[in-house]
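Here's the letter readout for the chains.
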Amino acid sequence: FVAVANFPLPDRYRPDHIHLALYVSEYPTVPPIGIYLASRGTNAHLLSQIRAKIHVFRDSAYHGAERPLDGFEWVCLVSEGWRVDRGDIRRGQNLQKYLAYFYALLAE
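As the structure is a computational prediction, the values presented were derived from the model and not from experiment. (Residues numbered from 1 in each chain as written. Predicted model: local features only at pLDDT ≥ 70, side-chain atom pairs only at ≥ 80, totals over all residues. Heavy atoms only, no water.)

1. Considering helix α1 (residues 43-51)
The complete set of buried residues in α1 reads N43, L46, L47 and I50. All buried residues of α1 lie within an arc of 100° about the axis, which places them on one face of the element. Against β2 (17-22), β3 (33-38), β4 (56-57), β5 (72-78) and α2 (95-107) lie the buried residues of α1. (Buried < 20%, exposed > 50% of the residue type's maximum accessible area, 1.4 Å probe, protein only. Helix = DSSP H or I, 4+ residues; strand = E, 2+ residues; numbered from the N terminus. Arc of directions from axis to C-beta. Contact = heavy atoms within 4.5 Å.)

2. So, the layout of surface pockets
The computed volume of the largest pocket comes to approximately 150 Å³. Y23, S25, V30, P31 and I33 are, among the 13 residues lining the largest pocket, the residues nearest its centre. For the lining of the largest pocket, the per-class residue count stands at nine nonpolar, two polar and two charged. (1 Å grid on protein atoms, 1.4 Å probe; cavity = no way out; pocket = protein on both sides within 12 Å on 5 of 7 lines; lining within 4 Å. Points joined across faces, edges and corners; volume = space filled by probe spheres on them. Nonpolar A, V, L, I, M, F, W, Y, C, P; charged D, E, K, R; others polar.)

3. Here's the deal with the pattern of salt bridges
By the definition in use, this model includes five salt bridges. Note that D88 and R90 form a salt bridge whose closest N and O atoms lie 3.0 Å from each other. The exposure class of R90 is exposed, given its relative accessible area of 66%. (Salt bridge = Lys/Arg side-chain N within 4 Å of Asp/Glu carboxyl O.)

So, to be careful, I would describe these as geometric facts and stop short of saying anything about function.
Following this line, the structure appears as structure tokens:
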């Protein structure tokens, strides 16, 4: 897993950050299959806002993703056309762009 503490959310979310994790056992060859959001504390309200924009699952995951651990919920965010530039990881698809896509979906 890659953990991201206080991932920023668009301004309309309160609080405007959330803890998340990505399962990356085969990265960069295989993209992450969804995002795992922490569901405890103030995040319950955030998850209801996020759920209004994209599919969030409490006890299951699909498309071959790992089932969420206790205290997390799984966001269905499947990357299509994953292409990695092995000569320069900043080019092509990477985790930063994957999370930027997640942010953009929430900002719509």
